[in-house]
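Next come the chains, spelled out residue by residue.
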Amino acid sequence: MLRKEQNDLLTQTGPGTPLGRLFRSYWIPALLTEELPENDCPPVRVKLLSERLIAFRDTKGRLGLMDEFCAHRGISLWFGRNEECGLRCPYHGWKYDVTGECVDIPSEPEDSRFARKVKLTSYPLVERGGVLWTYMGPAGKQPALPEWEFATVPPAQSYMSKRLQECNWLQAMEGGIDSSHVSFLHRGDINSDPLFKGARGNQYNLGDLRPVFEVVESPGGLYIGARRNAERGNYYWRITQWVMPSFTMIAPRGGHSVHGHFWIPIDDENCWTWNFDYHPTRPLTDAEVAAMRAGKGIHAKIIPGTFRPVANKDNDYLMDREAQRAGRTYSGIEGFAMQDQSLQESMGPIVDRTKETLVPTDSGIIMARQRLLRAARALVEQDIVPPGVDPVHQRVRSASVVLPPDQPYKDGAREALIAHPGVAPATV
Amino acid sequence: MSSAAEARFRLASPASCARVVAVVALDPACDDVLARLAEKSWGGVRFFPASAAAERAVLDEVAAGDLVVMVASAGADASAAGLIGRACSDRRVHTATFVIRAASVSDEVLSNTLSQVRPWSLMVVIASEDDYVEDILRSFR
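(A) How the structure looks around the pairing of strand 4 (residues 94-100) of chain B. Residues and elements named next belong to chain B. Most of strand 4 sits out of view: six of its seven residues are buried. With seven bridges joining them, strand 3 (residues 67-73) and strand 4 adopt parallel strand pairing. Across the sheet, residue Val69 finds its bridge partner in strand 4, namely Ala96. Where the polypeptide runs from strand 3 across helix 4 (residues 80-91) and back to strand 4, its parallel neighbour, the crossover connection is right-handed. Sheet topology note: the strand 4/strand 5 (residues 123-127) ladder contains four bridges and is parallel. Among the inter-strand pairings, Thr97 is bridged to a residue of strand 5, identified as Val124. With helix 5 (residues 107-117) bridging strand 4 and its parallel neighbour strand 5, the resulting β-α-β unit is right-handed.

(B) Looking closely at the pattern of salt bridges. Residue and element names in this part refer to chain A. Applying the stated criterion to the full structure yields 35 salt bridges over all chains. The salt bridge partner of Arg325 is Glu322, with a shortest N-O separation of 3.0 Å. Of the two residues, Arg325 and Glu322 are both situated in helix 7 (residues 321-326); the distance of three residues between them amounts to about one turn of the helix. Residue class for Arg325 comes out exposed when judged on its relative accessible area of 63%. Residue classification places Glu322 among the partly exposed positions, given a relative accessible area of 44%. In this structure, the salt-bridge partner of Arg369 is Glu356, at a minimum N-O distance of 2.6 Å. Of this pair, Arg369 sits in helix 9 (residues 363-382) while Glu356 sits in the loop between helix 8 (336-346) and helix 9, and the two are 13 residues apart along the sequence.

(C) Inspection of the interface of chain B and chain A at higher detail. With 34 residues of chain B at the contact, the number on the chain A side is 35 residues. Taken over both partners, the interface formed by chain B and chain A buries close to 2,900 Å², and the fraction arising from carbon and sulfur atoms is 49%. Broken down residue by residue, the surface that chain B buries against chain A is led by Arg118, Met123 and Tyr132 of chain B, which jointly contribute 24%. At the junction of chain B with chain A, the criterion picks out four salt bridges. Between Arg118 of chain B and Glu214 of chain A there is a salt bridge; the shortest N-O distance is 2.3 Å. At the junction of chain B and chain A, the tally comes to 15 residue pairs in polar contact (both at pLDDT 80 or more). For the side of chain B that touches chain A, the elements supplying multiple residues, two or more each, are helix 1 (3-7), strand 4, helix 5, strand 5 and helix 6 (131-140) of chain B. It is helix 6 of chain B that provides the largest number of residues to the side of chain B that touches chain A, a total of seven residues.

(D) Representation of the side chain of His279 of chain A. All names here are of chain A. Following the sequence through the fold, His279 ends up in the loop between strand 18 (270-278) and helix 6 (286-293). When its relative accessible area of 7% is taken as the criterion, His279 is described as buried. In this structure the side chain of His279 is engaged in a polar contact, spanning 3.1 Å, whose partner is the backbone nitrogen of Thr281. Setting aside residues no more than four positions away along its own chain, His279 makes contact with Gln157, Gly255, His256, Ser257, Leu284 and Pro425.

Reading guide: rules and limits
Residues numbered from 1 in each chain as written. Chains lettered and ligands numbered in written order. Predicted model: local features only at pLDDT ≥ 70, side-chain atom pairs only at ≥ 80, totals over all residues. Heavy atoms only, no water. Buried < 20%, exposed > 50% of the residue type's maximum accessible area, 1.4 Å probe, protein only. Helix = DSSP H or I, 4+ residues; strand = E, 2+ residues; numbered from the N terminus. Pairing = 2+ DSSP bridges. Right-handed = clockwise from strand over helix to strand, strands pointing away. Salt bridge = Lys/Arg side-chain N within 4 Å of Asp/Glu carboxyl O. Contact = heavy atoms within 4.5 Å. Buried area = accessible area lost by both parts, 1.4 Å probe. Polar contact = N/O pair within 3.5 Å; in protein donor to acceptor, adjacent residues only side chain to side chain.

Written as structure tokens, this is what we have:
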């Protein structure tokens, strides 16, 4: 459990909050590249960290992310005309470039300098690995560009999706740290989902419902090792990476692609769940990409034209009691993604952590919260750059390995936990 | 629906009562950590320094406990984990072990400690700061 003030601190990420300042230390995913597919395409409304923004790609392909509302009368620039290297408000024609500078006020005299005094708050927006990333912190402290491996491999080796999750970011992310739920909630899908089935490790998962956990501090966050029994007295380890503030990487299964998430606050009661799948050494197959697009694996079926899942809280996530009774799904909900999301949203928009009853298998979650609290305090009080900002902390991989019983996983999987370009992942 | 609106009709009564937790130092270097913790306000948590007498006291305590937390210094002798862990295993009491690792401690030295605590721990946390012990204990209450 947490005290109320700790829960508030960890769940509030708007401007001026300690966790808001922490999130504003990082490059975070803002949009899929495909949301701004071409020059002068329609602008896109983006809400991040409780700030309402507008994103657009100008006539020369430059990317902009700025305050959604015109400085003049507060019109949403989503109605704007994206033309001739700027976004023009349709109400009175005020025009802004990608940096938020006002470049034209038609009602002013021709040589007026007034437009130069008008500037909307803007943030950098850069393209990397099929994602448009933004940094919303102080300009002088902008870190190096993100180096996550999924964003640096050739495009054919990587697939990214996102979905709206209607709850606070932290309870969503904590699901990514908690691998003890896999043997229960996802047991119906491990051996049938095309992006998971067939791995030898699946049988260890299903055969040992009481994994033993080891949580170890890593440079950027935590390694969370789940140990299950394997043959001949050996242990099967699944090692999850958590990198601050909200990156998790799930241990791989057999020859399948590797996957994980970012959880990015939209506001305090909604977040984006970003889902990446990639393979470090080979292109994804057509069948794999088709399965990802169809909402298999960690992805979800989305209502066309939105990022809201087809199964959502308004339709009880398409609960199938017969599938639950027959054991085809453990919770009655179809697919890994919505199995997680349905339960996390059921906790309420912001779960009250003063009422929870944690057990030792939740130690990864507890440690993650404490690392976040410490990092936020160090940043606010001493201006210390938090873990996870350094690109070295981002060059990580999860791993699944079978090790002798006396070998610490951090030793046995030392190189497997680092992203070495062109080297195959350690997976069982 | 806002968080407050959604929570409005949730039941307010507690769904669990306080657990009985024994916290035991596996080596003398951890006694200071436990002494500092013991000065604070705790309900249902008892602290045992590293000594043979304390080990016996823990064994008595285990029968009535819900959880035993062992605290070890990376590199120190943690063989007491065997005695305590076996008693917990016999009585089906959950065990968690916290290993405090100073920056100067090598992986090899850490491995020695891990090999002593692992067979008897259902959860192991390895961290650089002993403050985390308090954080984890508070989270379990």
